[in-house]
Amino acid sequence: MSKVTIIYYSGTGNTEKMAELISSALSEHNSVVSLLQVSSASKSDIEDSDVIIFGSPSMGNEVIEETEMEPFIESIKEAISGKKVALFGSYGWGDGEWMRNWQDRMSDYGAILLADGLIVNGYPEGNEEDRCIEFAKSLI
Ligand SMILES: Cc1cc2nc3c(=O)[nH]c(=O)nc-3n(C[C@H](O)[C@H](O)[C@H](O)COP(=O)(O)O)c2cc1C
């Protein structure tokens, strides 16, 4: 059984719903899943996990959330090297630039990206819920 940790930030619940859908799908497929808000996460959560899945909405001007997620990512850049990673998040009006940049950054840190980052416009409903579940299944 692989140990999967999902670490996310969500201001208005959209990325949180994605996190819950991904967590549920993984739990049904033989993984031990921890679902953590980034404010509760620490470097040891990275070190102790086989797969780490990060979620952040697009904020600022096409960047990850700046007060909690940004400093956390900066703080784990050495611990993430060689780890299997996937990224997801909700956005409003952009074209996904924040996700492309975030993926490049994690690759630069030496993370092994398991899938293209999953982006959902607003709250995941209907087909977007299915995309979250398929994303989770593609990781294991
Ligand atoms: C301060 C602020 C900045 C934002 N900047 C962007 C942005 O640059 N690009 C974009 O597509 N959406 C942007 N958004 C929209 C959010 O990404 C969107 O509302 C998202 O669904 C929020 O997810 P959450 O409910 O998980 O917080 C911004 C929202 C806020 C509040």
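As the structure is a computational prediction, the values presented were derived from the model and not from experiment. (Residues numbered from 1 in each chain as written. Predicted model: local features only at pLDDT ≥ 70, side-chain atom pairs only at ≥ 80, totals over all residues. Heavy atoms only, no water.)

(A) Seen up close, the nonpolar core. Residues Ile7, Ile46, Phe54, Ile73, Ile80, Trp102 and Met106 are the most contacted members of the largest nonpolar core, which totals 23 residues. At the level of elements, strand 3 (51–55), helix 3 (69–75), strand 4 (84–91) and helix 4 (97–108) are the ones that each hand at least two residues to this core. Considering each element in turn, this core owes the most residues, 4 residues, to helix 4. Counting residues in each nonpolar core, the second largest holds 20 residues, with Met18, Ala19, Ala86 and Phe88 among its members. (Core = buried A, V, L, I, M, F, W, Y, C linked by side-chain atoms within 4.5 Å. Buried < 20%, exposed > 50% of the residue type's maximum accessible area, 1.4 Å probe, protein only. Helix = DSSP H or I, 4+ residues; strand = E, 2+ residues; numbered from the N terminus.)

(B) Structural context of the environment of Ser58. Tracing the chain through its elements places Ser58 in the loop between strand 3 and helix 3. C-alpha of Ser58 to C-alpha of Thr15: the two residues are 43 residues apart in sequence and 9.8 Å apart in space. Residues in contact with Ser58, not counting those within four places in the same chain, are Val63, Ser90, Tyr91 and Trp98. Polar side-chain contacts of Ser58 include one of 3.5 Å to the side chain of Glu62. (Contact = heavy atoms within 4.5 Å. Polar contact = N/O pair within 3.5 Å; in protein donor to acceptor, adjacent residues only side chain to side chain.)

(C) Spotlight on the site of the ligand. Neighbouring the ligand are 18 residues, the closest being Ser10, Thr12, Ser58, Ser90 and Gly94. Between Ser58 and the ligand, the recorded distance is 2.6 Å, taken from a backbone N or O atom to an oxygen atom. For the ligand, whose unbound accessible area comes to 650 Å², protein coverage reaches 76%. Under a 2 Å grid-point criterion requiring more than half of the atoms, the pocket assigned to the ligand is the largest pocket. Taken together, the residues of the shell around the ligand break down into 4 nonpolar, 13 polar and 1 charged. (Near = heavy atom within 4 Å. Areas by Shrake-Rupley, 256 points an atom, 1.4 Å probe, with all protein chains shown as cover. 1 Å grid on protein atoms, 1.4 Å probe; cavity = no way out; pocket = protein on both sides within 12 Å on 5 of 7 lines; lining within 4 Å. Sits in = over half its atoms within 2 Å of the grid points. Nonpolar A, V, L, I, M, F, W, Y, C, P; charged D, E, K, R; others polar.)

(D) Quick look at the pattern of salt bridges. For the structure on display, the rule yields 6 salt bridges. Here Asp95 makes a salt bridge to Arg100, at a shortest N to O gap of 3.3 Å. According to the relative accessible area criterion, Asp95 is exposed, its value standing at 52%. The partner of Glu128 in a salt bridge is Arg131, with the nearest N and O atoms 2.6 Å apart. On the criterion of helical spacing, the pair formed by Glu128 and Arg131 is a turn pair, its members being 3 residues apart in helix 5 (residues 127–138). Residue class for Glu128 comes out partly exposed when judged on its relative accessible area of 22%. For Arg131, a relative accessible area of 31% translates into the label partly exposed. A single salt-bridge network, built from bridges that share partners, covers Glu70, Glu74, Lys77 and Arg105. (Salt bridge = Lys/Arg side-chain N within 4 Å of Asp/Glu carboxyl O.)

(E) Layout of the UniProt feature "domain: Flavodoxin-like" (unreviewed entry) in the protein. The residues that UniProt annotates with the feature "domain: Flavodoxin-like" (unreviewed entry) are residues 4–140. This span, residues 4–140, is 36% helix and 23% strand, and a straight line between its end C-alpha atoms measures 10 Å. (UniProt positions renumbered as here; feature names shortened; annotations may be inferred.)

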